[in-house]
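Each chain, written out:
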Amino acid sequence: MHMDIVLGLQWGDEGKGKFIDLISENYDITARFNGGSNAGHSIERNGKRITLKMIPSGIFMQGVQNVIGTGTVIDPVSFKKEILNLQIFDKTVQPETNIIISKKAHLVMPTHRLLDIFMEENPDYTTIGTTKNGIAQAYSNKILRQNLRVGDMFSSDFQSRAQHILERDYRMLKDAGMIVLPALEEISKEFFEAVDFLKKFNCTETEIYLNKALSEGKRILAEGSQAAMLDIDHGTYPYVTSSSTTASGASSGLGVSPKKIGEIYGIAKAYCTRVGNGAFPTELLDEFGDDLRMKGNEFGSNTGRPRRIGWLDLPALRYAVMINGVTQLVFTKADVLSGLKSIAVCTHYELEDEAIETTASTLPENAKPVLKWVEGWNADFLKIKNVSELPKELMDFLVFLETELGIPVGYLSIGPGREQIIKMN
């Protein structure tokens, strides 16, 4: 058996959670391989919506085990709140029996959030536009070999080691002139209570668990957070996330060999969005962009921040398909563009009258996107149930995408509901 992967191909918010929720019933295990509670996968069930931050999107499927892998960072306080919210949302879910957590995943300390806030608000540092959840601080301390891992929670000296880190970070922030709130005693108490809650879960060597499952013929779906253009190495640096968001990150984040990877599903919207700072060459800064934001409900599922809006960027999409080895495209939000007479896509960039093919991460500031306008489509997508009912103009656009990207469109999302995804082949 192989491990399949689902990941975003733009700057996040492409609709990964909904697609994973749909196909996870075909798998025995869903496994999150990167990121932390800065991510947010929105899922609609029975007319209600929930945003999952750390919990894999297969949590609602009976018999599916959900793994939080080694490549992630876990905030015990945020995790506890998410679990409690999940149980209110769906009382039938039993997270303590079907969530497995890597002992090697790193912990997000409460002072990591404070350090995030300090760096975002201090003029001595580059303002990235982060969610201020402490994710970058946890990953940086991981690289510095100064952090604590999930497995450390079970050691006899964990409390003293954790308390030492909290006190050290507090002193550093105070010395830097920050008014540190809440008090150290308050965040320490909340943190250690959350740690006791987290210890109730099955914490183990998840790479061994996953490889054993593959050898037994079980099917695994690896779930990525954020997206390719936010990758720490290949994204629009420095305005990126702190982990590997690519297919290769799934291998390292879960401890599964690249030789065992099967399908790689890449999710892309019919237009582009991003949250926070950074290059966005096709961005729409006009009234149309505002209207599209409202129509597509483009506000951060985790933070509520309005997303920046732009036309589809084909050079960036080709790049993401290439570095991830995408085998099938999952195309979302086609319904949001319904009713437009014409739709634009960026086919390449132009610099001093010369056509250039590059990505936004290395694009010169004075390069301009060259737009190709294609015929729009109009349909009542609530009534469409299969491929034969799709408007011709949309089908022509999908063929255009397949030609440009060299991969098939495997699935098409035509609405927010999990049932509003059409399998194309």
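Check the entry above for the structure.
To start, this report covers the structure provided alongside it. Not measured: the values here are computed from a predicted model. (Residues numbered from 1 in each chain as written. Predicted model: local features only at pLDDT ≥ 70, side-chain atom pairs only at ≥ 80, totals over all residues. Heavy atoms only, no water.)

1. A look at the sheet that holds strand β10 (residues 220-223)
Okay, step 1: Strand order in the open sheet made by the 10 strands is β9-β7-β5-β2-β10-β1-β11-β15-β19-β20, with mixed pairing throughout. One side of each edge strand has no neighbouring strand; the edge strands of this open sheet are β9 (202-204) and β20 (421-423). Here the strands of the sheet are splayed against their neighbours by 20° on average, with no regard to which way each runs.
Okay, step 2: Relative to β9, strand β7 (residues 99-102) is paired through 3 bridges, and the arrangement is parallel. Pairing of I101 across the sheet is with C203, part of β9. (Pairing = 2+ DSSP bridges. Helix = DSSP H or I, 4+ residues; strand = E, 2+ residues; numbered from the N terminus. Axes fitted to C-alpha atoms, helices over the stretch in contact; angles between N-to-C directions.)

2. Thoughts on the pairing of strand β2 (residues 29-32)
Okay, step 1: Here β2 shows two buried faces, one formed by I29 and A31 and the other by T30 and R32.
Okay, step 2: Where β2 and strand β5 (residues 65-68) come together, 4 bridges link them in parallel fashion. Within β5, the residue paired with I29 across the bridge is Q65.
Okay, step 3: In terms of strand pairing, β2 meets β10 through 4 bridges, oriented parallel. Each residue of the ladder has a partner; that of T30, found in β10, is L221. (Buried < 20%, exposed > 50% of the residue type's maximum accessible area, 1.4 Å probe, protein only.)

3. Brief notes about the pattern of salt bridges
Okay, step 1: As enumerated under the stated definition, the model contains 21 salt bridges in all.
Okay, step 2: Linking D157 and R161 is a salt bridge whose minimum nitrogen-to-oxygen distance equals 3.9 Å.
Okay, step 3: Using a relative accessible area of 33% as the deciding quantity, one classes R161 as partly exposed.
Okay, step 4: Measuring nitrogen to oxygen at the nearest pair gives 2.7 Å for the salt bridge that ties K189 to E193. Of this pair, K189 and E193 both sit in helix α7 (residues 184-198), 4 residues apart, which is roughly one turn of that helix.
Okay, step 5: Residue K189 is classed as exposed on the basis of its relative accessible area of 53%.
Okay, step 6: Each member of the salt-bridge network shares a partner with another, and the members are D13, K269, E298, R307 and K333. (Salt bridge = Lys/Arg side-chain N within 4 Å of Asp/Glu carboxyl O.)

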